[in-house]
Amino acid sequence: MNILVITQLYPQLDDIGDNKPTRTVEYFAKVWENEGHKVVVMHCPSKFPLVFYFIPTRIKNILGGSSSNIIPSLASRKRLKREEFGITVYRLPMLKFFPGMGYSKRKMEMQVKNIEKLIKAEKFIPDLIVGHFANPSAELVAIIAKQYPNAKSSIVFHHDCTKRNIKKYRIDNCIKEIGAVGVRSVIEAKSVKLLLNLDKEPFLCYSGVPNDAVEAAEIQCSKQYFDSGIKHIFVGSLIARKHLESTIKAFIKRGTLGSTLEVIGGGPEEEKLKALVTKIKADKIVTFAGRIPRVSVLKKMKEAQIFTLISEGETYGIVYIEAMLQGCIVIASRGSGFDGIIQDGVNGFICNPGDAEMLESIYQRIEDMTVGERNAMGQSAINLAVHFSEKEVADNYLHNIICYQKK
């Protein structure tokens, strides 16, 4: 099958800084290519007027931390073509004057012409056209799908199909030309069905963890809980919506004697958070490891007992599955992509985003559990997480697109 992928976010070799784009779409493309499909990716990122790229780093960090936007590098303005993992990747930047604005119909039509010219040069006729993220992918998929009436089509929203965005990005008109609609969580499925007046709920498009992580997962959870304390861990970008500040405060108030919290990741909020830890004199029990290799992250998860990430607007988060595979007790945010996966009190806990008081109470619940109860919860997490390998979720993704098709 020839699969054309259109996405706003896709990793590139010239990405710089801590706040890099998600690799979610790349993971899908790699699995499909490995299974014998031909995959061509049209990466359509935003580019801004040149002056934007010379804003001082400190101001960019403030903007990135408060808005959670990916701050692009100057190199991202350039078009490119590359081959990686057998996948042909084109980067076709689209000019806009400020983050969050929509593109005109004319701009969209020009981008479609660019894409069609390239795939014709590749002698590539798509059997399936898939898009990720509302803007600009929904409209690009809709227009291109009309040019290839025999091709199936799909769009997956990442918690970006909102009432405001529907009008701004003309999503309600676009969706009429697209065969299947996917989302990233159970809660989002219910919301999008109502907002777009769909006949049925969108299919669920979860992310998968690398197959080797599943193969290396703990078969039986047997975490050791010592009287000397519990090891807590946080893994993620240090941006405002991750609410690490709330996690730190809850840990300090409720953490048992000898417990530690290790923070893995980097980002624009890092210096502010380190200053907080210094101010409350918690430097010895709250440590910052920075950005470290993935294999080291998994090792630290294996050594830890509790993983906390109570983000706001978390679309999914592969890191949750990785922690579950290592038998950690996972605390995820309510209303995020993990509602429906984490069952509170069964295979983890659910906390309101950024709610330090609620998180304190969850830490108390864990403290009141026996070691056997904690390991039983970790085992439940492992039993579910092993079904979230990249291969399994990518295969489910294609299956769901075909089953959902309206045409």
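The structure under discussion appears in the preceding block.
What you are looking at is a predicted structure, and each value in this text was computed from that prediction instead of being measured.

Calculation criteria
- Residues numbered from 1 in each chain as written.
- Predicted model: local features only at pLDDT ≥ 70, side-chain atom pairs only at ≥ 80, totals over all residues.
- Heavy atoms only, no water.
- Helix = DSSP H or I, 4+ residues; strand = E, 2+ residues; numbered from the N terminus.
- Rg over C-alpha atoms; globule rule 2.2 N^0.38 Å.
- Buried < 20%, exposed > 50% of the residue type's maximum accessible area, 1.4 Å probe, protein only.
- Contact = heavy atoms within 4.5 Å.
- Areas by Shrake-Rupley, 256 points an atom, 1.4 Å probe, with all protein chains shown as cover.
- Salt bridge = Lys/Arg side-chain N within 4 Å of Asp/Glu carboxyl O.
- Pairing = 2+ DSSP bridges.
- Arc of directions from axis to C-beta.
- Axes fitted to C-alpha atoms, helices over the stretch in contact; angles between N-to-C directions.
- Patch = residues over 30% accessible without salt bridge, like charges linked within 9 Å, V, L, I, M, F, W, Y side chains within 5 Å.
- Phe/Tyr/Trp six-rings, centres within 6.5 Å; stacked < 30°, edge-to-face > 60°.

A. Molecular detail of the overall build of the protein. Along the protein, the regular secondary structure elements total 15 helices and 16 strands. For a compact globule of 407 residues, the expected C-alpha radius of gyration is about 22 Å, and the protein comes in at 22 Å, within 12% of that figure. Counting only C-alpha atoms, the protein reaches 65 × 45 × 40 Å along its principal axes. Of all 407 residues assigned to the protein, the portion counted as buried reaches 53%. Pairs at least 24 apart in sequence give 73% of the contacts found in the protein among residues at least 6 apart. Only carbon and sulfur atoms are counted for the fraction: they give 53% of the accessible area of the protein, which is about 18300 Å².

B. Looking closely at the pattern of salt bridges. Summed over the entire model, instances satisfying the criterion amount to 15 salt bridges. The closest approach of N and O atoms between Glu84 and Arg82, which form a salt bridge, is 2.2 Å. Two residues, Lys300 and Glu262, come together in a salt bridge whose shortest N-O distance is 3.1 Å. Taken together, the residues span a long stretch of sequence, with Lys300 in helix H11 (residues 294–303) and Glu262 in strand S12 (residues 260–264) at a distance of 38 residues.

C. Fine view of the pairing of strand S2 (residues 38–43). The buried fraction of S2 is high, at five of six residues. As paired strands, strand S1 (residues 2–7) and S2 are joined by six bridges and run parallel to one another. Following the sheet pairing, Ile3 is matched in S2 by Val39. When S2 meets strand S5 (residues 87–91), the two strands line up parallel, connected through four bridges. Note on S5: the bridge partner recorded for His43 is Arg91.

D. Molecular detail of helix H10 (residues 270–279). Every buried residue belonging to H10 is among Glu270, Leu273, Leu276 and Val277, and all of these are buried. End-on view of H10: buried residues confined to an arc of 125 degrees, all on one side of the axis. Seen from the open side of H10, the exposed residues pointing more than 90 degrees away from its buried face are Glu271 and Lys279. Its buried side turned inward, H10 meets helix H9 (244–254) and strand S13 (286–290). After H10 finishes, the residue Lys281 shows a positive phi value of roughly 55 degrees.

E. Up close: unusual backbone geometry. A cis geometry characterises the amide bond from Asn135 onward to Pro136, with omega recorded as 5 degrees. With respect to the helices and strands, Pro136 occurs in the loop between strand S7 (128–132) and helix H4 (137–147). For Phe133, which is not a glycine, the phi torsion comes out positive at approximately 80 degrees. With respect to the helices, strands and loops of the structure, Phe133 is situated in the loop between S7 and H4. The buried category is assigned to Phe133, whose relative accessible area is 8%. Of note, Asn197 is a non-glycine position whose phi angle comes to about 55 degrees, a positive value. One can find Asn197 in the loop between helix H7 (186–195) and strand S10 (203–204). The exposed category is assigned to Asn197, whose relative accessible area is 66%.

F. Layout of the sheet that holds strand S14 (residues 306–309). Pairing within the open sheet is parallel, and its six strands lie in the order S13-S12-S11-S14-S15-S16. Looking at strand neighbours, the two that pair on one side only are S13 and strand S16 (349–351), the edges of this open sheet. Looking at each pair of strands side by side, their axes are set apart by 25 degrees on average, direction ignored. Relative to S13, S12 runs parallel, the two being bridged by four bridges. Its bridge partner lying in S13, Leu261 is registered against Val286. Each of strand S11 (231–235), S12, S13 and S14 is contacted by H9, which is oriented at about 165 degrees to S12, the strand it contacts most. This element, helix H13 (residues 356–368), spans S11, S14, strand S15 (329–333) and S16 of the sheet and lies at about 165 degrees to S16.

G. Seen up close, a nonpolar patch on the surface. Nonpolar side chains collect at one region of the surface, where Leu50, Phe54 and Leu74 lie side by side and expose about 320 Å² of accessible area between them. With respect to the helices, strands and loops of the structure, Phe54 is situated in the loop between strand S3 (46–47) and helix H2 (57–67).

H. Broad picture of the sheet that holds strand S9 (residues 180–183). Pairing in this open sheet of eight strands is mixed, and the strands run S4-S5-S2-S1-S7-S8-S9-S10 from one edge to the other. Two strands close off the open sheet at either side, each with one partner strand: strand S4 (80–84) and S10. Where strand S8 (residues 152–156) meets S9, three bridges bridge the pair, whose relative direction is parallel. Pairing of Val156 across the sheet is with Gly182, part of S9. Helix H3 (residues 105–121) rests against S1, S2 and S5 of the sheet, and its axis sits at about 150 degrees to S2.

I. Spotlight on the packing of aromatic side chains. A full pass over the atoms with the stated rule returns nine aromatic pairs. Where Trp32 meets Tyr397, the ring centres are 5.1 Å apart and the plane angle is 45 degrees; that geometry is what we call tilted. Here Tyr397 lies in helix H15 (residues 390–404) and Trp32 lies in helix H1 (residues 24–34), a separation of 365 residues in the sequence. Side by side, Trp32 and Tyr397 carry an identical accessibility label, which is buried. Their ring planes at 80 degrees and their centres at 5.6 Å tell us that Phe52 and Tyr53 sit as a pair that is edge-to-face.

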